[in-house]
Amino acid sequence: VGEHGFAILPQAVCKKERQLAQAPARLRRSYLKAQGGMRMKVQKAVLKETGHIAIGVLIADVIMCIVFALLKKFDYTVVLGALLGTGIAVANFFFLGVTLQKAVGMQEFASKYVRQSYSLRMFFCFAGVIVSVVAPCFHPIAAIIPLLMPQFVIYAMRALGLYKPDKPTENP
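If you're wondering where the values come from, they're calculated on a predicted model, not measured in any experiment. (Residues numbered from 1 in each chain as written. Predicted model: local features only at pLDDT ≥ 70, side-chain atom pairs only at ≥ 80, totals over all residues. Heavy atoms only, no water.)

A. Structural detail: the overall build of the protein. Scanning the protein from terminus to terminus reveals six helices and zero strands. Expressed as a percentage of the 172 residues in the protein, the buried residues total 28%. Here the protein has roughly 12,200 Å² of accessible surface; of this, 67% comes from carbon and sulfur atoms. (Helix = DSSP H or I, 4+ residues; strand = E, 2+ residues; numbered from the N terminus. Buried < 20%, exposed > 50% of the residue type's maximum accessible area, 1.4 Å probe, protein only. Areas by Shrake-Rupley, 256 points an atom, 1.4 Å probe, with all protein chains shown as cover.)

B. Seen up close, the side chain of threonine 50. Residue placement: threonine 50 occurs in helix H3 (residues 44-70). You can call threonine 50 buried: its relative accessible area is 9%. Leaving out residues up to four positions away in the same chain, threonine 50 has contacts with Val90, Phe93 and Phe94. (Contact = heavy atoms within 4.5 Å.)

C. Structural context of the confidence of the model for the protein. With 73% of its residues at a pLDDT of at least 70, the protein reaches an overall mean of 82. The lowest-confidence element of the protein is helix H2 (residues 25-34), averaging 48 in pLDDT; the highest-confidence one is H3, averaging 95. Between residues 30-37, whose pLDDT stays under 50, and residues either more than four places distant or in other chains, the model counts eight contacts. (pLDDT = per-residue confidence, 0-100.)

D. Region of interest: a nonpolar patch on the surface. Residues Ile55, Ile59, Ile63, Val67 and Leu71 make up a contiguous nonpolar surface patch of roughly 480 Å² in combined accessible area. Structurally, valine 67 can be placed in helix H3. (Patch = residues over 30% accessible without salt bridge, like charges linked within 9 Å, V, L, I, M, F, W, Y side chains within 5 Å. Salt bridge = Lys/Arg side-chain N within 4 Å of Asp/Glu carboxyl O.)

E. Fine view of the packing of helix H4 (residues 76-105) against helix H6 (residues 140-159). Across the interface, H4 lies against H6 with an axial gap of 7 Å and an inter-helix angle of 45°. For the element pair H4 / H6, the angle class is oblique. Here H4 runs over H6; the crossing is right-handed. Each of Val78, Gly81, Ala82, Leu84, Gly85, Thr86, Ile88, Ala89 and Phe93 in H4 lies in contact with H6, whose residues at this interface are Ala142, Ala143, Pro146, Leu147, Pro150 and Ile154. The residue inventory of the contact of H4 with H6, partitioned by class, reads twelve nonpolar, three polar and no charged. (Axes fitted to C-alpha atoms, helices over the stretch in contact; angles between N-to-C directions. Parallel < 35°, antiparallel > 145°, perpendicular 65-115°, else oblique. Left-handed = near helix turned anticlockwise from the far one by under 90°. Nonpolar A, V, L, I, M, F, W, Y, C, P; charged D, E, K, R; others polar.)

F. Representation of unusual backbone geometry within the structure. The backbone of lysine 72 sits at a positive phi, close to 60°, despite the residue not being glycine. Mapping lysine 72 onto the fold places it in the loop between H3 and H4. When its relative accessible area of 73% is taken as the criterion, lysine 72 is described as exposed.

G. Broad picture of the packing of H3 against H4. Look at H3 against H4: their axes get within 10 Å of each other, and the N-to-C directions meet at 160°. One element, H3, and the other, H4, form an angle in the roughly antiparallel class. In this structure, H3 meets H4 at a crossing whose hand is right-handed. Along its contact with H3, which presents Val46, Leu47, Glu49, Thr50, Ile53, Ala54, Val57, Leu58, Asp61, Met64, Cys65 and Phe68, the element H4 presents Val78, Ala82, Thr86, Val90, Phe93, Phe94, Gly97, Val98 and Gln101. Residues belonging to the contact of H3 with H4 are distributed by class as follows: 15 nonpolar, four polar and two charged.

This is the structure we're talking about:
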């Protein structure tokens, strides 16, 4: 695996492979994509845990909307802000899972890959916060609160006994 997480081509033997090895990185990546080298099936555990987080954050959104209604501050911007924040929070969690799944298969550059992914995910969270502050159709507080909820959902699942990690199977 190369520096950017792409497979490094073995020593070129035939003319076509030598040409590909000398091709720009963009072409090598498209070749690897066509060969299935870049595609990765998302593990069921990642999808399952992302679903749990999505449900938990949506429940927290309903509670947040009730609090806004009790404070007489509820309007459509609260709902749109909550949906924006929830979408970003769930996508952030999903991409965290995919990143860790891919990093497990890497050897040399796993930590660098995880750090780069973290920076990119935080940039998109920050961009979502900026959109919620600038765009008048989103309530900024209602958009920011769901970004904090995945961690609380995980704590709540553990406290309530709902979190049951899959037990590893031993290989004979």
